[in-house]
Amino acid sequence: MGLEKALGDSFLLTKLEDAINWCRKNSLWPMPMGISCCAIEMMAFAGPRFDSSRFGSEVFRFSPRQADVMIVAGTTTYKMAKVVRKIYDQMPEPKWVIAMGACTSSGGIYRTYSVVQGIDQFLPVDVYVAGCPPRPDNLLKALMVLQEKVQRGESKGTEPGYLSDVPLNAKQPANI
Amino acid sequence: MATRTDETARKSKILQALEDQNTSLTFDDPLANDLILNMGPQHPATHGVLRLLIRLDGETVIGCVPEIGYLHRGYEKLAENCSYHEFIPHTDRLDYISPLSNNTAYVLAVEKLLGIEAPERAQYIRVLISELARISSHLMFLGSLAMDVGALTVWMYAFREREKLYDVFELLAGARFTTSYTRIGGLAQDMTPEVAAMVRAFVNQFPEKLRECEKLIQTNRIFLGRTDGVGPISKEKAIDLGLTGPGLRACNVNFDLRKAVPYLVYDRLDFDVPVFEGGDSLARYYVRMEEMRQSARIVTQVLDTMPVGDIHAFKPKRVLPRKEKVYTKMEELIHDFMLINSGINPPVGEVYCSVEAPKGELGFYFYSDGSGQPWRMKIRSPSFVNLQSLTPMVVGSMVSDVVAIIGSLDPVMGEADK
Amino acid sequence: MKEKLLEKLALKFGESAFETSEFRNELTFVVPANRIVELCRFLKEDPDLEFDLLADLFGIDMYTPHRRFGVIYNVFSMRNKFRVRLKVFVEEENPVVPTVTSVWGTANWHERETHDMFGIVFEGHPDLRRVYMPDSYEHYPLRKDFPLMGIPGSIPLPKK
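Draft legend 1. Molecular detail of the sheet that holds strand 4 (residues 127–129) of chain A. Residue and element names in this part refer to chain A. Spatial strand order, 1-2-3-4: four strands in an open sheet with parallel pairing. Each edge of the open sheet is held by one strand with a lone partner, namely strand 1 (30–34) and strand 4. Across the sheet, the mean angle separating the axes of adjacent strands is 20° when strand polarity is ignored. Relative to strand 3 (residues 96–100), strand 2 (residues 69–73) runs parallel, the two sharing five bridges. What sits directly across from M70, in strand 3, is V97.

And the structure:
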């Protein structure tokens, strides 16, 4: 977290960023925000057949303070949206979000009064996974796509000062 | 509870005492107040988005208020705007651990409203998938309960068995879960001999795999310590609170809808209904383990005695015709068009039909006004009613038992919140 | 069982006290709101009838000018394996129904859900608050004049 900041400006930095991002991508610890049916496929994704720990997601950290990526799995209602946002805010940077399933991407089959039509209305999402529910291999592909994104050093929700594309002595935004 | 002014007064007293070096100052007993603990919607062990507000006196629970509604998706309002056929995929997502039993319950209710009956073979296959769904749901219960009390290996073993069931469902219905396999008047497609062979192979190896899981936890002191005598509920309280399913059968009440009000072909099959006494978490565990064995027995009988025949009822104005006929014959084309566009138009009236789902009594109520969409549809979901009995079970036990109790009650929030 | 039930009801409450109807082998009684608790208690405590399980309790919006809202009770007798449906209709201006939580404890959450979805007030209920929607929500979703997509802005969403 902010290792690039601490090490200062140097010609070794690019290689170091790559190395750090490589480390980050191969040890993404997910925080499963398992709300409904997609949570079962997420459990299968962690289960014996489609093993997620061979991709580095060794443990599913249920505490947001210890996780890198939040997999929102299941229909988000307006009542639950506040809770999801609170958990997201508690995650330390850099952080990523995978919106699993049709319900989180766009409201899914529920076009009703209590379902948020897509979590990107209140959360910055990095990877959207299609399916209702997506097969666990689909979610593995999403994890791999996210890993490529991490390698490039991009994150939709993280303040840019923590990653590589902004000069290190830039002014920090006020709402940190 | 101390108010702001008391707090500041107390703090200033402490500071004053420190300044005066007065070491004989006494404080209020910190254990005199109750603690309200929020087991929030996001919690690894609450089986979904259930929020529990627990009032604690030290570590003993003296009050508990469950709060649900974090997954309320508006099913009943949605059903008033969908035709009867369009709602079938939605029923999968109710009790999302055993979707096939929800499909069966829904089409049984619609068929009762219409006054039609599916053919024999379809009924036998519906019994088969309901029982496989029951095995799948109870395996998830076994895995979750074991994981909640600390035995992680059993979760992995249970999921390995569930993956085998998912293979069967995928071959039979096209999807791992959220199958939407049943249709009004029959089923989506027939069961091929390959699927029958897969089911038979699964059921043959299932009892010994179950025995493996049992050997790991059933006589383990830690498991028994965490579930024996934990979360008891009396028989009268259980009936008064409407608890149904394995929770009721663990209180020494022999009530199972498959035997009491037989539906489909359950009256022709030979099986026992396990009843245990004690009403605690261990009894609920035993009931579910035994139910899995009985389900395997039912599946074997169904495979042996299933008749050959059609799986669609022949009622042209009510049941969707087969696609081959729709593309080649005129009447079927017209019927297909009318049934999809204006719906099945059942007679005016109301009907309620319930089945024994893995969690309890799952029932659908329809009030039809004669048009293609139901005027009112109500889902009697077992988890919603079972969660009411959480409060009497939890009060009096320790805070660490709450997790084991929720695990043994096995609620599914998709169903409880509709 | 059906004859025994009708006979006992006629004996206790008088002949044709409730409108009876039957559809697909299911018996339905329409009961006035002030007699529902009495009838429920009789059904539960009578030793021959013993309707001890309240399977379901919910509301229905008929969208007619009179007797708009209804509350439907679905009671089951485990010993006799018989099911009966009771209906109570109330007006739109003052939808008040006495509570049956004193007869069956399970009615507690069901009545809260009916209040949440339709706005029917159950007098005597120990804890009548919303169960599905947030407590500060002002509308009643399952009424026929409430749109499926909801009223935009009625529940706040966190900022991005």
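Draft legend 2. Structural detail: the interface of chain C and chain A. In this complex, chain C contributes eleven residues to the contact, which on the side of chain A involves 13 residues. Looking at side-chain class alone, the side of chain C that touches chain A contains eight nonpolar, one polar and two charged residues.

Draft legend 3. Main features of the interface of chain B and chain C. Listed as interface residues are 31 residues of chain B and, on the opposing side, 25 residues of chain C. A class-by-class count of the residues in the side of chain B that touches chain C yields twelve nonpolar, nine polar and ten charged.

Draft legend 4. Layout of the domain arrangement of chain B. Domain annotation of chain B identifies domain 1 (1–28) and domain 2 (73–313 + 347–380). Computed over C-alpha atoms only, the centres of domain 1 of chain B and domain 2 of chain B are separated by 60 Å.

Draft legend 5. Up close: helix 6 (residues 136–152) of chain A. All names here are of chain A. Look at helix 6: 25 Å from first C-alpha to last across 17 residues, which is about the 24 Å you get at 1.5 Å a residue. Every buried residue belonging to helix 6 is among P136, L139, A142, L143, L146, Q147 and V150, and all of these are buried. All buried residues of helix 6 lie within an arc of 150° about the axis, which places them on one face of the element. Projecting away from the buried face of helix 6 at angles above 90 degrees are the exposed residues D137 and E148. One or two residues past the end of helix 6 sits G153, with phi positive at roughly 85°.

Draft legend 6. Up close: helix 4 (residues 99–114) of chain B. Residue and element names in this part refer to chain B. Along its 16 residues, helix 4 runs 23 Å from first to last C-alpha, staying within 8% of the 22 Å computed at 1.5 Å per residue. Within helix 4, 16 of the 16 residues are buried, which leaves it mostly tucked inside the rest of the structure. Trailing helix 4 by a residue or two, G115 shows a phi angle of about 80°, which is positive.

Draft legend 7. A look at unusual backbone geometry. The amide bond that connects E93 of chain A to the next residue, P94 of chain A, takes the cis arrangement and shows omega of -5°. Along the chain, the position of P94 of chain A falls in the loop between helix 4 (78–90) and strand 3. With an omega of -10°, the peptide bond between C132 of chain A and P133 of chain A qualifies as cis. Locating P133 of chain A in the fold gives a position in the loop between strand 4 and helix 6. We note that N25 of chain C has phi near 65°; this positive angle belongs to a residue other than glycine. Topologically, N25 of chain C is positioned in the loop between strand 1 (19–23) and strand 2 (26–31).

Calculation criteria
What you see as residue numbers is a count from 1 along each chain, following the sequence as written. For naming, the first written chain is A and the first written ligand is 1, with later ones following in the order written. Local features in this predicted model are restricted to residues whose pLDDT is 70 or higher, and side-chain atom pairs enter the listing and the counts only when it is 80 or higher, whereas totals over whole chains, interfaces and linings include all residues. At least two DSSP bridges between two strands are required for those strands to pair. Strands here mean DSSP runs of E at least two residues long; helices mean DSSP runs of H or I at least four residues long; both are numbered from the N terminus. With axes taken as lines fitted to C-alpha atoms, and helix axes fitted only over the stretch in contact, angles between N-to-C directions fall between 0 and 180 degrees. Here, residues touch in the contact sense if the C-beta positions derived from the backbone fall within 7 Å of one another. Basically, the charged four are Asp, Glu, Lys and Arg, the nonpolar ten are Ala, Val, Leu, Ile, Met, Phe, Trp, Tyr, Cys and Pro, and anything else, Gly included, counts as polar. Marked domain ranges trace back to an automatic or database domain assignment. Here, expected helix span is obtained from the residue count minus one, scaled by 1.5 Å. Once C-beta atoms are placed from the backbone, each residue is buried if 20 or more other C-beta atoms lie within 10 Å of its own, exposed if 12 or fewer, and partly exposed for counts between those two. Note that the arc is defined by the directions from the helix axis to the C-beta atoms.

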